[in-house]
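Read off the chains here:
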Amino acid sequence: MWWFQRGLCFLPVSLVIWTTASFVFAYITAVVLRHVDPLVPYISDTGTMAPERCVFGIMLDVSAFLGMATTYVRYKQVEALMVGAELRLHRLNLSGLLLGVVSSFGMCVVANFQKTTLFSLHLVGAVLTFGVGFLYILVQTLVSFYMQPHVHSRIAYQVRLCVAVWTLCSAVSMFISSVVMYSSLPGVDVAQKLHWTPGETGYTAHIISTVSEWSLALSFISFFLTYIRDFQKINLRVETDLASSHLYDCPHGEAAVPRHGDPEASESSPLLAGKE
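One numbering rule holds for all chains: residues counted from 1, following each sequence as written. Totals for whole chains, interfaces and linings use all residues, but because this is a predicted model, local features are given only for residues with pLDDT of at least 70 and pairs of side-chain atoms are given and counted only at 80 or more. Hydrogens and water molecules were not included; the side-chain quantities draw on all heavy atoms of the structure.

Caption draft 1: Looking closely at the nonpolar core. Buried Ala, Val, Leu, Ile, Met, Phe, Trp, Tyr and Cys residues that are joined via side-chain atoms within 4.5 Å together make up what is termed a nonpolar core. Partly exposed residues are those whose accessible area sits between 20% and 50% of the maximum for their type, while under 20% is buried and over 50% is exposed, using a 1.4 Å probe and protein chains only. Membership of the largest hydrophobic core comes to 43 residues, with the highest contact counts inside it found for Phe23, Val143 and Phe231. The way it works is that DSSP assigns letters per residue, a run of H or I at least four long becomes a helix, a run of E at least two long becomes a strand, and they are numbered from the N terminus. Of all the elements in the fold, those that place two or more residues in this core are helix H1 (10-32), helix H2 (52-81), helix H3 (87-112), helix H4 (119-147), helix H5 (154-183), helix H6 (203-225) and helix H7 (228-231). Those residues in contact with Phe231 that lie beyond four places of it in its chain are Arg6, Gly7, Leu8, Cys9, Leu11, Pro12, Thr70, Val73, Arg74 and Gln77. Tyr42, Trp196, Tyr203 and Ile207 belong to the second-largest nonpolar core, a separate cluster that totals 8 residues. In this description, contact between two residues means that some pair of their heavy atoms is separated by no more than 4.5 Å.

Caption draft 2: Region of interest: the packing of H1 against H2. Direction vectors running N to C along H1 and H2 enclose 165°, while the axes themselves pass 9 Å from each other. Between H1 and H2, the angle is such that the two are roughly antiparallel. Like other packed secondary-structure pairs, H1 and H2 cross with a definite hand, here left-handed. Residue classes follow a fixed rule: Ala, Val, Leu, Ile, Met, Phe, Trp, Tyr, Cys and Pro count as nonpolar, while Asp, Glu, Lys and Arg count as charged, and any other residue, Gly among them, counts as polar. Looking at side-chain class alone, the contact of H1 with H2 contains 17 nonpolar, 7 polar and 1 charged residues. Simply put, an axis is a line fit to the C-alpha atoms, just over the touching stretch for a helix, and the angle between two N-to-C directions goes from 0 to 180 degrees. Roughly parallel refers to an angle under 35 degrees, roughly antiparallel to one over 145, roughly perpendicular to one between 65 and 115, and oblique to any angle outside these ranges. In this scheme the crossing of two helices becomes right-handed for a clockwise turn of the near helix relative to the far one and left-handed for an anticlockwise turn of less than a right angle.

Caption draft 3: A look at the packing of aromatic side chains. Within 6.5 Å between ring centres, the rings of Phe, Tyr and Trp (the latter by its six-membered ring) count as paired, and their orientation is classed by plane angle as stacked under 30 degrees, edge-to-face over 60, tilted in between. For the structure shown, the criterion picks out 11 aromatic pairs. Summarising the aromatic geometry, the rings of Phe145 and Tyr146 are spaced 5.5 Å apart at their centres and angled 70° between planes, so their arrangement reads as edge-to-face. Overall, Phe145 belongs to the partly exposed group, its relative accessible area being 38%. Tyr146 gets classed as partly exposed once you look at its relative accessible area, which sits at 30%. Each ring, one from Phe223 and one from Tyr227, has its centre 5.5 Å from the other, and the planes form 70°; the classification is edge-to-face. Since its relative accessible area comes to 0%, Phe223 is described here as buried. Among the residues examined, Tyr227 registers a relative accessible area of 0% and is labelled buried. Every member of this aromatic cluster is reached through a ring pair, and the members are Tyr136, Phe223, Phe224, Tyr227 and Phe231. Stacked on the ring of Trp196, the Lys or Arg Lys193 has its end atom at 4.9 Å from the ring centre. Counted as over-ring charges are cases with an Arg CZ or a Lys NZ within 6 Å of the ring centre that also lie within 35 degrees of the ring normal.

Caption draft 4: Structural detail: a nonpolar patch on the surface. A contiguous nonpolar patch, built from Leu168, Val172, Phe175, Ile176, Val179 and Val180 and spanning about 540 Å² of accessible area, is present on the exposed surface. With respect to the element layout, Val180 can be found in helix H5. Given a relative accessible area of 44%, Val180 falls into the partly exposed group. Patch members must show over 30% relative accessible area and no salt bridge, and they are joined within 9 Å when carrying like charges or within 5 Å when they are nonpolar side chains of Val, Leu, Ile, Met, Phe, Trp or Tyr. A 1.4 Å probe and the Shrake-Rupley method give the accessible areas. Residues count as covered only by the protein chains that appear here. Between Lys or Arg on one side and Asp or Glu on the other, a salt bridge is scored when a side-chain nitrogen of the former is within 4 Å of a carboxyl oxygen of the latter.

Caption draft 5: Focus on the packing of H5 against H6. Relative orientation of the contacting elements H5 and H6 amounts to 155°, with a least axis distance of 8 Å. Of the possible angle classes, the one that applies to H5 and H6 is roughly antiparallel. The chirality of how H5 crosses H6 is left-handed. Classifying every residue of the contact of H5 with H6 by side-chain character gives 12 nonpolar, 11 polar and 2 charged.

Caption draft 6: Region of interest: unusual backbone geometry. In this chain, Ala50 is followed by Pro51 through a cis amide linkage whose omega measures 10°. Looking at the element boundaries, Pro51 is found in the loop between H1 and H2. One non-glycine residue with positive phi stands out, namely Arg34, at about 60°. For Arg34, the position within the fold is in the loop between H1 and H2. One non-glycine residue, Val40, lies in the positive phi region at around 45°. Within the secondary structure, Val40 sits in the loop between H1 and H2.

Caption draft 7: The side chain of Gln114, seen in detail. The residue Gln114 is located in the loop between H3 and H4 in this model. Discounting residues that sit within four places of it in the chain, Gln114 has contacts with Gly47, Thr48, Arg53, Phe119 and His122.

Below, the structure is given as structure tokens:
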């Protein structure tokens, strides 16, 4: 059995590979068609113009679904491992699930509402994706802190803590540089500006902001990489529990559909049973 076939580790693996592919594909397409500059454009800028924005939206929608599935499996894993644990840990685990779902939904908003068309909604999606996503990383890092060393090693907690610090630094850098860039360009619709010239006003702040955004996205991807070994040790299954042997609303339907192989489900027709 290959390593990616163990447990449910294919979920974080698929999430990382698919999301990375969506960024790379959109970037290459936008640069080849000269919709953006080759030197570190905003991720959102690479998914603004057609045709790349169409595929970019579809691929990020799939990433959002994989993100929700991954956060749910993580929730169920921690829930199973922490039976009888403190109420505080269970609340953290539930909070992580909610934050992960909201962050994944934000990714859908970012992908389907481009900054050049509906900038306000695009900004809301970015806050949900990155802002709430950072809170999710922070909560999961705290969960790892309480679970080590009796559930997993201290190294797993330390790696997640480093990624959380990386995410925070990238977010702060992006926020400060974006504020500087917008304040240095009064009267300019920066959301519609897809091409920049080296040396123009705000160019340095723009580059710092875009580099910070790519760094922020990579930190998110790196965090889900830490789930791979954990997910190798979990499986989920769905059980079918029928409330009835038929799909009628009335009780008389029970006799109309006998169960196959049931010895008690014999014919009761007077024609076959005979008359006394």
